[in-house]
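# Observations on the three-dimensional arrangement
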Amino acid sequence: MLPTRSTNVASRVGRSFLAFFRIMRANPLTFAGFILVTIILVLAALVALVPSLIIPYGATQDTGAHEVAPTLFRWPPSLAHPFGTDQANIDLFSAVLRALPLDLAIGIGIAGIALVAGGILGLIAGFWDQPGTPGGAVSVVILRTTDVFLAFPSLVLALAIVASIGRGIWAAILAILITWWPYYVRLVRGETLAVKHLPYVTAARAAGVRETRILTRHILRNVLEPVIVYFTLDIGTVLVTFSTISFIGAGIPWPGPTPEWGSMMSFYQGNYPLEQFWWFITFPAIAIFVTALAFSLLGDGLRDVLDPRTRRALAESSSASTLPQEAPPTAATPTTPEQEEEAEEADES
Amino acid sequence: MTTPVLSVENLSVDYEVGAGVFHAVSDISLVIPPGRVVGIVGETGCGKSTLAQAIPRLLPEPPARIRSGKVIFQGTDLVPVPKAKLPMVRGTGIGMIFQEPLNSLNPAFRIYDQIAEAVQMRHWREDGILPSFHPGPAPFDYSRRPITMPSTADVLSRPVMPGTAKDVMAARRVRTRTDLRDEVLDYLRLVRINDPETILSLYPHELSGGMRQRIMIAMALSAKPALLIADEPTSALDVTIQAQVLTLMKELIDEVSASILYISHDLGVVAETADDLGVMYAGRLVEFGPVAEIFQTPRHPYTKSLLRSIPTRYKSDWPMPTIPGSVPNLSQLPAGCRFHPRCSLARPVCTQEPPPALRVIETTVGATTSHHAACHYAEEVPGLP
């Protein structure tokens, strides 16, 4: 009986879901990272879409803290204010939560743009690197440009750029972007160089595959794996860097309408003693730490999921493996066309 | 007289590296008529693989450089063809099977994807979506409808352009996914793979070396090449699998009746598969002729010594005969005949004058290919021990 297309797709999705959870179970830290990232993303989406649902107080809303004790601002953590309130009686729980979508978008956005831009340049520089050809010249230009950027510590360079083009969120984002892409160029170029001389690339070439298709299909797929892992690890790094820039006071001003973890920490650290008002700085710091940690944990385990070799091994670690054996050459069994519909799944991929 | 599928004329290939110029292939001429299997044997480093890769121009240039000569494939010289146009010759024109089955399949894709890519590329070329040239009489025809195509020379002189949108739509209508999958399964069955449906969804690392080599053979055949170059397809496999793949190759050669260039370092393998045999030494073709003829009456001292060194169960001469000395460095080749330092027939003229490139020697009656040897004293070779 022919399976219909919809059940086929559904069963495939179900199977890959099951495989994914098997892999996650085999690797508890990755699973923790996955859960954390999921929570963070859901929270960020909720905060961005329906803020009233989870954020108790708005940006300038009276927290009512002074009504409990009229003279006491800077209310320490309590049930009403889990993270306490600051000197202006702003609810820190609300502020930290409201900063989540922005910080996340900055982390993923900057790392993502750097990944795409640096990745494309890295592929080009790695694949067409023959000296004396137009491609080789392009490759040299790309690589020497990255050298210029890599000569400075990226944080120092970003600070210098922010200092020269002015404060503000866009200046900070631009500054990080400018310093971030060369790392991806280097990484992708190195991977491309390693892959492009492998026999399967020559085999693809011998099969008549065009150079651009070799690059975008055969090489890209094999380069992707370490790059995506690096990307997830990098989200945390970008976040920390952005917070550092904010911390120094160049990013988003705080107190102000938009909270940002780094600028919050910067402001409180500069104006209020940590021993006395420990909750001011601790909770934004924990937010940065947890977000960076979540993506790092996930990224660490993603390698195993992305590699077909370890993926199947992990997925089948609990069930018995049924690999086909080497067939004797004479025992060819011509199968009738009616029997061919068994393994439809390969058709879809 | 049919035109040959491939004729190599005075081909010389150098490697220009820091240490100097290595003459990997020097002045080789070779003709492969349609439907004939030509074997090339030689020691490691004699230029066999360079020759194999130079024909579809797969060598990285630089460091490799085709110094001179022509590679005429179906009436078109491939040497001056610009790099961007070479893909349309490869695959459907000249197919290749490589030595390392373990690394020649992309680890990131399923078997289905890899064979389907080859099949689909042929479809696109047949339908005019991708630029192509006439692949000649299809050696093993699975096609479901007749297809007319322009000639090689026509297409190679045309700018690289995909087909029109109309062609694309027409092709999409004709071929469906199920057709493609059926065709992939056909080729898996052709290379005697049991249970091809299961194999389709596996990754290369889940298969054994022999299976992978079969997949490689299926991929090469699925493009229906006019010429198949097999570069030591059995060398990297262990002996039992080697025998299986060799049996498969022999059966396929009979079935497919394609023109094949079979490269090996194993005289026994070539004796079983090839119709004609070329013997290479230090980048030169030293002898060429029908297999039976060469095995019976070798006309070059090198071939003679090679044949003498094959161990057999019945020979009792011990120690086993070997060829004294070793292969010369390809950057500092000896003057005159390249084999003279190791040759028992060598005379003063051999150290100065290179032997005539492949002069014809009278053959036994009935041979289809004439027997050539590059030796000053070819007539004396049969008299050697």
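Refer to the structure above for everything that follows.
Cut-offs applied
Residues numbered from 1 in each chain as written. Chains lettered and ligands numbered in written order. Predicted model: local features only at pLDDT ≥ 70, side-chain atom pairs only at ≥ 80, totals over all residues. Heavy atoms only, no water. Helix = DSSP H or I, 4+ residues; strand = E, 2+ residues; numbered from the N terminus. Buried < 20%, exposed > 50% of the residue type's maximum accessible area, 1.4 Å probe, protein only. Contact = heavy atoms within 4.5 Å. Areas by Shrake-Rupley, 256 points an atom, 1.4 Å probe, with all protein chains shown as cover. Pairing = 2+ DSSP bridges. Phe/Tyr/Trp six-rings, centres within 6.5 Å; stacked < 30°, edge-to-face > 60°. Lys NZ or Arg CZ within 6 Å of the ring centre and 35° of its normal. Polar contact = N/O pair within 3.5 Å; in protein donor to acceptor, adjacent residues only side chain to side chain. 1 Å grid on protein atoms, 1.4 Å probe; cavity = no way out; pocket = protein on both sides within 12 Å on 5 of 7 lines; lining within 4 Å. Points joined across faces, edges and corners; volume = space filled by probe spheres on them. Nonpolar A, V, L, I, M, F, W, Y, C, P; charged D, E, K, R; others polar. Patch = residues over 30% accessible without salt bridge, like charges linked within 9 Å, V, L, I, M, F, W, Y side chains within 5 Å. Salt bridge = Lys/Arg side-chain N within 4 Å of Asp/Glu carboxyl O.

## Some words on the overall build of chain B
Looking only at helices and strands, chain B features 12 helices and 12 strands. Within chain B, the proportion of its 385 residues that are buried is 56%. In chain B, of all internal contacts separated by at least 6 residues, the share reaching a separation of at least 24 is 69%. Summed over its atoms, the accessible surface of chain B is roughly 15600 Å², and 57% of this surface lies on carbon and sulfur atoms.

## Here we look at the overall build of chain A
Assigned secondary structure in chain A consists of 14 helices and 0 strands. Its helices and strands taken in sequence order, chain A reads α-α-α-α-α-α-α-α-α-α-α-α-α-α from the N to the C terminus. By the burial criterion, 44% of the 349 residues in chain A qualify as buried. Taking the intrachain contacts of chain A between residues at least 6 apart in sequence as the baseline, contacts between residues at least 24 apart amount to 69%. With the model as given, the accessible surface of chain A reaches about 17000 Å², and the carbon-plus-sulfur share is 69%.

## Regarding the sheet that holds strand β2 (residues 20-32) of chain B
Residue and element names in this part refer to chain B. Judged by pairing direction, the sheet is antiparallel, and its 4 strands sit side by side in the order β2-β1-β4-β5 without closing on themselves. Where the open sheet ends on each side, the last strands, each with one partner, are β2 and β5 (76-77). Two strands pair when backbone bridges link them, and strand β1 (residues 6-17) and strand β4 (residues 64-73) are joined in this way by 8 bridges, in the antiparallel orientation. Bridge pairing in β4 places E9 opposite K70.

## What to know about the packing of aromatic side chains
Counted according to the given criterion, the structure contains 17 aromatic pairs over all chains. Ring geometry for Y272 of chain A versus F280 of chain A: centroids 5.3 Å apart, planes at 80 degrees, classification edge-to-face. Take Y272 of chain A and F280 of chain A: they sit in the same class, and that class is buried. Counting every residue linked through ring pairs, the aromatic cluster contains F267, Y268, Y272, F277, W278, W279, F280 and F283 of chain A. Here the guanidinium or amino end of R217 of chain A rests over the ring plane of F109 of chain B, the centre of that ring lying 4.4 Å away.

## Examining the environment of G262 of chain A
All names here are of chain A. Relative to the assigned elements, G262 resides in helix α11 (residues 261-271). For G262, a relative accessible area of 0% gives the class buried. Expressed as a C-alpha distance, the spacing of G262 and S246, which sit 16 residues apart in the sequence, is 5.0 Å.

## Quick look at unusual backbone geometry
Residues and elements named next belong to chain B. Even without being a glycine, E232 presents a positive backbone phi close to 45 degrees. Looking at the secondary structure, you find E232 in the loop between β7 (227-231) and α8 (239-256). What makes E232 buried here is its relative accessible area of 5%. Phi at A282 is positive, roughly 50 degrees, even though this residue is not glycine. You can see A282 is positioned in the loop between β9 (276-281) and β10 (284-290). Taking relative accessible area as the criterion, A282 reaches 0% and is therefore assigned buried.

## Some thoughts on the side chain of T273 of chain B
Residues and elements named next belong to chain B. With respect to the element layout, T273 can be found in helix α9 (residues 267-273). Overall, T273 belongs to the buried group, its relative accessible area being 6%. At 2.9 Å, the side chain of T273 and the backbone oxygen of V269 are in polar contact. Once you skip the residues sitting within four places of it in the chain, T273 turns out to touch V37, L246, K250, I253 and Y262.

## Looking at empty space enclosed by the protein
For the structure shown, the criterion picks out 7 cavities of 30 Å³ or more. Considered as a void within the structure, the largest cavity measures approximately 120 Å³ in volume. Every residue along the wall of the largest cavity is listed here: A203, A206 and A207 of chain A together with G91, G95, M96, F98, A118, M216, M219, A220 and A223 of chain B. Among the elements of the structure, α9 (199-206) of chain A together with β6 (94-97) and α7 (209-222) of chain B are those that each provide at least two residues to the lining of the largest cavity. Ranked by residue count, the leading element in the lining of the largest cavity is α7 of chain B, at 3 residues. Of the residues contributing to the lining of the largest cavity, the split by class is 10 nonpolar, 2 polar and no charged. A203, A204 and H218 of chain A together with E117 and M219 of chain B are, among the 13 residues lining the second largest cavity, the residues nearest its centre. Counting only elements with at least two residues in the lining of the second largest cavity, the list comes to α9 of chain A together with α2 (111-127) of chain B. Looking at the lining of the second largest cavity element by element, the count peaks at 4 residues for α2 of chain B. Split by residue class, the lining of the second largest cavity holds 8 nonpolar, 4 polar and 1 charged.

## Concerning a nonpolar patch on the surface
Residues and elements named next belong to chain A. Nonpolar side chains collect at one region of the surface, where F17, F21, F31, I35 and I39 lie side by side and expose about 450 Å² of accessible area between them. Elements represented by at least two residues in the nonpolar patch include exactly α1 (5-26) and α2 (28-49). Tallying contributions element by element places α2 first for the nonpolar patch, with 3 residues. Tracing the sequence through the fold places F21 in helix α1.

## A few points about the layout of surface pockets
Reported here for the second largest pocket is a volume of approximately 780 Å³. Tallied by class, the residues present in the lining of the second largest pocket amount to 10 nonpolar, 6 polar and 8 charged.

## Observations regarding the pattern of salt bridges
Going through the model one piece at a time under the given rule, you end up with 14 salt bridges over all chains. The partner of R67 of chain B in a salt bridge is D14 of chain B, and the shortest N-O contact between them spans 2.6 Å. Here D14 of chain B lies in strand β1 and R67 of chain B lies in strand β4, a separation of 53 residues in the sequence. For R67 of chain B, a relative accessible area of 38% corresponds to the partly exposed category. The exposure class of D14 of chain B is buried, given its relative accessible area of 2%. For E16 of chain B, the salt bridge identified is with R65 of chain B, shortest N-O distance 2.7 Å. With E16 of chain B in strand β1 and R65 of chain B in strand β4, this pair connects stretches of sequence that are 49 residues apart. When salt bridges with common partners are traced through the structure, they connect R144, D147 and R186 of chain A into a single cluster.

## As for the environment of W181 of chain A
Residue and element names in this part refer to chain A. Relative to the helices and strands, W181 is located in helix α8 (residues 169-196). In the structure, W181 is positioned 26 residues away from L155 in sequence and 13 Å away in space, judged by C-alpha atoms. Side-chain polar atoms of W181 contact the backbone oxygen of I178, separated by 3.1 Å.

## Remarks on the pairing of β10 of chain B
All names here are of chain B. Along β10, 6 of the 7 residues are buried, which leaves the element largely enclosed by surrounding structure. Judged from the 6 bridges that link them, β9 and β10 form a sheet pairing that is antiparallel. Each bridged residue has a counterpart across the sheet, and for G278 the counterpart in β10 is F288. Bridge analysis of β10 against strand β12 (residues 371-373) gives 2 bridges, and the strand direction is antiparallel. Across the sheet, the residue bridging to F288 is H372, located in β12.

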